[in-house]
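Next come the chains, spelled out residue by residue.
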Amino acid sequence: MKSAVIIFPGSNRDRDMIKALEKISGQPVATVWHTETALPDVDLVVLPGGFSYGDYLRSGAIAARSPIMQAVKDAADKGRHVLGVCNGFQMLTEAGLLPGALMRNASLHFVCKEVMLKTENTNTAFTSKMEKGAVWRCPVAHHDGNYFADAETLAQIEGNGQVAFRYADGTNPNGSLNDIAGITNAKGNVLGMMPHPENLIEDLHGGLQGRAMFESVFANLAAA
Amino acid sequence: MKARVTVTLKNGVLDPQGKAIEGSLGSLGFDGVEGVRQGKVFDIVLTDRDAEAAKAEIEAMCEKLLANTVIENYAIELL
């Protein structure tokens, strides 16, 4: 089970992500600079959190158009798995790999805190080892996490079960429609989420609840 | 030649920044402000070319980068 993390100018959660992937998979993780045009032969491609290009224009907008992203789109089309966390989620929507958009938090504040997440769909490679309906604590840190999609798209996402995670217990930190915290594409091989499961994988983090997601994807991709 | 692109949020898309500005205008005593929507302006300098070609080029720029057409509309003006 091989994974790669793509690094953009302004990424700052890339090292956390690499550590989490290494610790949980027990395998080295490839890193790919955004100007590359090809991906190494990996099962999972991760777009990490941060402030690529200083969030200029729109969060994730410029990174989503960087040279490596064509290879990421091609990999996703071929059914390879792609995970975007925080800024990575913003890039996936900007790149058109996931529907909708992530707008400025309704409060206008940057939020850096813990929220409660409900696992909605366990029928994906990313979530199959998680407990459906379980509510777990997870950190968020973002300014633009307010998920928006037009009514028709939203109905489609909900109808297809594309909502992987929802903010629970009234902890929606950003005004996201339907409390959406993470969604997949229709095929289920691309997941974007604002919260940071990579920051909840060892005791020093204060919890291990983020591990289940990585364990799911590694187990499923190793079996594939 | 110069062009101006104005990018605005589509109707129905919540604009918390516009709302905050509206609130601030009210607190400054500007009565009768019924709404504020915030947008962006891009002033673009192009090498000289035919107006139709320029518009087509800028439209492609808007579709590919300047606007996120999920949430934004754009208008192009040649100056």
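For the structure, see preceding data.
Keep in mind that this is a model prediction, so the values were computed, not measured.

K.L.:
Explain the interface of chain B and chain A residue by residue, including any values.
P.N.:
If you look at the interface, chain B gives 17 residues, while chain A gives 13 residues. Approximately 1200 Å² of surface area, both sides summed, lies buried where chain B meets chain A, with 67% of it carried by carbon and sulfur atoms. Remark: the boundary between chain B and chain A carries one salt bridge. Residue Arg58(A) is joined to Glu72(B) by a salt bridge in which the shortest nitrogen-to-oxygen separation is 3.7 Å. A breakdown of the residues in the side of chain B that touches chain A according to their chemical character gives eleven nonpolar, three polar and three charged.

K.L.:
Lay out the sheet that holds strand E10 (residues 180–184) of chain A in plain terms, naming residues and giving numbers.
P.N.:
Strand pairing in a sheet relies on backbone hydrogen bonds. The paired strands run either parallel or antiparallel. Residues and elements named next belong to chain A. Across the sheet, nine strands lie side by side as E2-E1-E3-E4-E11-E10-E9-E6-E7; this open sheet has mixed pairing. Each having just a single partner strand, strand E2 (29–33) and strand E7 (135–142) make up the two edges of the open sheet. Ignoring strand direction, the axes of neighbouring strands in this sheet form an average angle of 25°. Two strands pair when backbone bridges link them, and strand E3 (residues 44–47) and strand E4 (residues 81–85) are joined in this way by four bridges, in the parallel orientation. By the bridge assignment, Leu-44 is partnered in E4 with His-81. Here helix H1 (residues 14–25) sits on the sheet in contact with strand E1 (3–7), E2, E3 and E4, set at roughly 175° to E1.

Criteria and thresholds
Each residue is numbered by its place in its chain's sequence as written, counting from 1. For this description, chains carry letters from A and ligands carry numbers from 1, given in the order in which they are written. Note on the predicted model: pLDDT of at least 70 is required for a residue's local features to be given, and 80 or more for side-chain atom pairs to be given and counted; whole-chain, interface and lining totals, by contrast, use all residues. Values shown for side chains rest on all heavy atoms present in the structure; no hydrogens or waters enter the calculation. Any two residues having at least one pair of non-hydrogen atoms within 4.5 Å are treated as being in contact. A simple way to read buried area is as the amount of 1.4 Å-probe accessible surface that goes missing from two parts once joined, with both sides added. By convention in these notes, a salt bridge is any Lys or Arg side-chain nitrogen within 4 Å of a carboxyl oxygen on Asp or Glu. For this classification, the nonpolar set comprises Ala, Val, Leu, Ile, Met, Phe, Trp, Tyr, Cys and Pro, the charged set comprises Asp, Glu, Lys and Arg, and every other residue, Gly included, is treated as polar. Pairing between two strands requires that DSSP report at least two bridges joining them. To qualify as a helix, a DSSP run of H or I must reach at least 4 residues; to qualify as a strand, a run of E must reach at least 2; elements of each kind are numbered from the N terminus. Each axis is a line fitted through C-alpha atoms, and for a helix only the stretch in contact is used; angles between axes span 0 to 180 degrees, taken between their N-to-C directions.

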